[in-house]
Amino acid sequence: MAHAYALPSPNEPDDRRRFISEAEEQDVRTRLEQSWEEGSGLYAWLTSTSHKSIAKRYIVTALVFFALGGIEAAVMRVQLSRPENHFVGPDLYNQIFTVHGSTMMFLFAVPVMEAIGLYMVPIMIGTRNVAFPRLNALGYWMYLIGGVLLYVAFFSNTGPDAGWFAYVPLAGPAYSPGKRIDIWAQMITFTEIAGLIGAVEIITTVFKQRAPGMSLNRIPLFVWSEVIMSFMIIFALPAIVIASGALAADRLVDTHFFNPAEGGDALLWQHLFWFFGHPEVYIILIPALGMISSIVTTFTRRSIFGYPAMVLSLISTAFLGFSLWVHHMFATPLPQLGQSLFTAASAAIAIPTGIQIFCWMATIWSGRPRYTTAFMFVIGFVLLFVLGGLSGVMISSIPYDLQVHDTFFVVAHFHYVLIGGAVFPLWGAFYYWFPKMTGRLLSERAGKWNFWLFFAGVNLTFFPMHFLGLMGMPRRVYTYLPEMGWGNLNLVSSIGAVVIVASAIVFVGNVVVSLRGGTPSGDNPWGASTLEWATPSPAPIYNHLFIPIVNGREPLWTNPPGELPVVTGLRTDRHEGLITSLMDAEPEHRYEFKQPTILPLILALAGGGSIIVAIFTPWGVTIGAALTLLILFCWFWPTISPDHDTPRRHPREMP
Amino acid sequence: MTRGNPERVAAATLLVALVLLGCKREQRRFSDMSRPTASDNGIIMSELQPGPAVIHSAVQNSYDDNAYAVAEGKRLFDQMNCSGCHSHGGGGIGPPLTDDDWIYGSDPQNIFATITEGRPNGMPSFRGRIPPQQIWELTAYVRALGGLQGKAIRTTRDDHMMYKESEQARNKGHPSPTFVPSK
Amino acid sequence: MTCARPRIPCESSVRHSVIALAIALSGCSGIQSALDPKGPKAAGVLHLTWFLVGTAAVVYVVVVAMLVWVLRRGSQSPVDLDPKLGTEVTEHHGGMKTWVVSATVMTTIILIGFVFVDLSTARSLSTVGGAAPLRIDVVGHQWWWEVKYPDPNDPQNDIETANEIHVPVGRAVLIKMKSGDVIHSFWAPNLDGKKDLIPGHETVTWFRADTVGVYRGQCAEFCGYEHAKMAFYVVAEPRIEFERWLAQQRAEASTPGDSLAQGGERVFLSSSCAMCHSIAGTGAGSNNGPDLTHLASRRTIAAGTLPNTAANLESWILDPQMIKPGAKMPANRIDPQSLRALVAYLQELK
């Protein structure tokens, strides 16, 4: 049973509230199921605009890419386990580390963080779908095509081989013959379009579709993190779109962006790339920080301490993240005074992240921790990320960086912050939200094995690399001489990789077994406080039966169970949602979500196909533009709503 | 995850197919001792034949479809100072290589023979001076200069001042054998 | 060890020895190690390293201790009145606020200290440590190092060699670097941090070797297939030996002594070798590949990949692709007799 407030105005007496009867609930449920039902079968799957269905595909695809990236890493570790090893030759090794980096950064990390947002955020803010459902589907198809493009290329010996950051002139037309780098540049186009689409979705949905009463200072911290990530995406991704476009143009149509002999500059590439590349890692980190807030809240049963400080530190991290990029270029001939500013900024960014960690610790202090697997991953995060962050502060120092730049010390640093800072929280989020997505609990016992193997494996693999870097081992080397004395530590590192693989196998096994026969979870197995736990598990396609009304940061803790206030009166025969205002989430008007359609797939195929053609001839751009125009015509063709002539009623008059 | 994913099956099939096909353009053959040291039969230096004309097929130069080989040929073209006479393909002391007149034939085996044996009126013989594998790479590049390779195989601009349009930008070549120097 | 800054507490020598021991056990005092400085720049960076590592280790221990403490204190928190409900505010509120604020302030102070130490170290290391530095020009190629010693007074005295740099002990060396193709990075960790070689830019760095010895460096910016095998050696020797080496390098190639070596010279000049390599005093003058005039005076061949012995030279000449696949030097068909003569000739080029 749920309370139903008919959007009361402040002056109306409380006895306007009424309880919704079982019969009314069942009636609404039946109608919603009918109107939101997408059917089964291939065509339904291809035309789906359900945000959960699309996000689930994103997550599964991203995990497949994660596995592929992991296999590439394993191959590298085998090759490096002994000096002068002949497991793979230099050409294949170069392709492998390039594809590993590109997969992890472009095809796994950002998409999965966006995907968890696209899945959870609408449920957490109490709406039925993202703002632009068809655009959401388009984003997924573009991402899929981009990833498949990269791997089809890789498997046909056309994988890019100049590193995931593809410095020119090595990646330029003179020193990388063939189409390898062109494919990389266009893969970027696909993934960046998908990324921008996801960002637009999240921002619009969060700003305009929150449950009434969910003012900005009541938004869950995870939702804040997704919004901030999305803003970062919008400001950072254009830099790499420009950079990869310029590189593709240099390689295809003889422009001279990066040709010093004709007025270009090799350093221009580095600036453009790293202006994107540094915020990219914060784009990956910030949603993970949001996930941690959700997990800590639930498993300590306390609201996160210092909510305003948490939000402001996320925002400052995002801002500061744009002022660090030159720390990747300390070895270049940029003026030292300028470089020093980036030293200071790189050190400063530790402060907001530190504030986050201190606030979580304060929350744990005041709460009662429950050591579920998700919470263990949070502890693992602190242990690994702080270590990585400290090595990061070390390399913000220019003299020190000049010794360890482009060595395995840096490899150790970024794997600690990326795995510790992003993958561990992500795994915690899987264990936390798996019941909500599937209706079943993951095994806690297997989860503990998963955690400990992963934790041990990461330390075993990456801690020795700190020493290897200081001992002189550069990165991106396919082999090394025996007399260098690096063999033992490399062997230890490779053994660690085996342990990580074992932990991945445990995880996959856990998921497969739990999907079939795991304990059913119920609505709210963890006793959590945010809105996604107010709806059944797995969440129905329309998310909430009625749009909830929010009166605090922890809605399920401030209202008696089963007595959550809701909004009634939205149409059930159409896909209708509620639009609310930005600051205080006061209801503004109704909104109709677009129905399933094949157009996103068609646009992705047409646009994607022409982007792929553009690898070989500039005519691809022309054809693509024409086709896109045509399809967008169909997309935006106006439809007249049957209600068009009905006089608009004020929201407060809705029954 | 829950429903069957035909997309993924299709993608997997495509991948398998492509692995089997490979991609000749992107092969990097570093050490190719199997390249023939002398051009095989098939060199024709005259339009005239007794009796009915028999079309002799060109020797398969596997470097013809290989972008890496063409790029190496470009590097060697400068390093072996072919530009000294042929000036990046435009000609000068020697005839241009970017036009459609192929005095000694445009087939790979003809070009190989030209470089290896030398030619009257000033083309030196590079036999013994440039290893056969590199001469085949130069052959591939010379054909690219003449617009005889696929666009994706030909080299693009280099990182120097732009003295001519890149090999990729030019139009396809239509070689006509002129067995007389065009002067 | 001296302290980086008087205000910051000195590392205890015990901590130093423990860390040094631990690291030495992993075999890191080596010829390409940042932990084994042989000159003032690397030494300055190592001091900074100890400061950074020490402070970071202390901070890490403190953070982990804090985590353990809050987890334990947390488990002693009162049980919720209603298991389904959490609470927003607890009695610790004032303490929590103090803690977060003071931890943040401490972090900020430590970071400001870091930045200060970083910048002052950078500043002190940027001034060239010595008057009248020796000038060396380095050009990076895929995948070898072209090294030139320009003589400002007489260009006839310019020296060109490859993959090996000799420097006099105790004198500052100024290196000006250009790239012949892609971005490389010059890095000899025992002596100095790295500096990139970027086409279109000339970059400058300096170092000084204060101990006699041989130190290895390696390219540290991915530059293609054989980036892993693009090493060089820095030989720091007393001034007299250095002058002797300079004089020897200035000379033209020695004429071959016996008939085997003479045959080898003929092989060199009549085959593909002379198309890419130069030997001063002969007709071979190409600069596509390294200058070989004094090949026999170098410790290694193939950019630090193999020791300079007859057997290694033979394997390298016969098929460089077996050793460095992707290298620009092709495989050569050459009969064993000619190969032996050629190698004998090359070994006389001191």
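Residues numbered from 1 in each chain as written. Chains lettered and ligands numbered in written order. Predicted model: local features only at pLDDT ≥ 70, side-chain atom pairs only at ≥ 80, totals over all residues. Heavy atoms only, no water.

**Looking at the interface of chain C and chain B**
- Counting from both sides, the interface comprises 17 residues of chain C and, opposite them, 18 residues of chain B.
- Between chain C and chain B the total buried area reaches about 1,600 Å² when both faces are included, carbon and sulfur atoms providing 56% of it.
- Run the count over chain C and chain B and you get 5 residue pairs in polar contact (both at pLDDT 80 or more).
- Secondary-structure elements contributing two or more residues to the side of chain C that touches chain B are helix H5 (259-270) and helix H6 (273-276) of chain C.
- Split by residue class, the side of chain C that touches chain B holds 7 nonpolar, 7 polar and 3 charged. (Contact = heavy atoms within 4.5 Å. Buried area = accessible area lost by both parts, 1.4 Å probe. Polar contact = N/O pair within 3.5 Å; in protein donor to acceptor, adjacent residues only side chain to side chain. Helix = DSSP H or I, 4+ residues; strand = E, 2+ residues; numbered from the N terminus. Nonpolar A, V, L, I, M, F, W, Y, C, P; charged D, E, K, R; others polar.)

**Regarding helix H5 (residues 133-155) of chain A**
Residues and elements named next belong to chain A.
- Here H5 spans 33 Å end to end across 23 residues, near enough to the 33 Å set by a 1.5 Å rise per residue.
- Burial within H5 is extensive, with 20 of its 23 residues counted as buried.
- Following H5 by one or two positions, Asn157 has its phi on the positive side, about 65°. (Expected span 1.5 Å × (residues − 1). Buried < 20%, exposed > 50% of the residue type's maximum accessible area, 1.4 Å probe, protein only.)

**Some details on the interface of chain C and chain A**
- Each partner contributes residues to the interface: chain C has 93 residues there, and chain A has 88 residues.
- When chain C packs against chain A, close to 7,500 Å² is buried across both sides, 70% of that on carbon and sulfur atoms.
- Along the contact surface separating chain C from chain A lie 1 salt bridge.
- In this structure, A:Glu84 and C:Lys229 form a salt bridge, with 3.4 Å as the shortest nitrogen-oxygen distance.
- Those elements that provide at least two residues to the side of chain C that touches chain A are helix H2 (40-75), helix H3 (93-126), strand E7 (195-197) and strand E9 (213-218) of chain C. (Salt bridge = Lys/Arg side-chain N within 4 Å of Asp/Glu carboxyl O.)

**Focus: the packing of aromatic side chains**
- Scanning the entire structure with this criterion turns up 77 aromatic pairs over all chains.
- An angle of 75° between the planes, with centres 5.3 Å apart, marks the rings of A:Tyr58 and A:Tyr140 as edge-to-face. You can see A:Tyr58 sitting in helix H3 (residues 51-80) and its partner A:Tyr140 sitting in helix H5, a full 82 residues away along the chain. This pair shows no difference in class: A:Tyr58 is buried, exactly as A:Tyr140 is.
- Both rings, one in C:Trp69 and one in C:Trp99, keep their centres 6.3 Å apart while their planes meet at 90°; by these two values the pair is edge-to-face. Note that C:Trp69 is positioned in helix H2 and C:Trp99 in helix H3, a separation of 30 residues in sequence.
- Relative accessible area serves as the criterion here: at 39%, C:Trp69 is assigned to the partly exposed category.
- The exposure class of C:Trp99 is buried, given its relative accessible area of 14%.
- Pairwise contacts between aromatic rings join A:Phe66, A:Phe108, A:Phe377, A:Phe424, A:Trp427, A:Phe430, A:Tyr431, A:Phe451, A:Trp452, A:Phe454, A:Phe455 and A:Phe507 into one cluster. (Phe/Tyr/Trp six-rings, centres within 6.5 Å; stacked < 30°, edge-to-face > 60°.)

Structural measurements only, silent on function.
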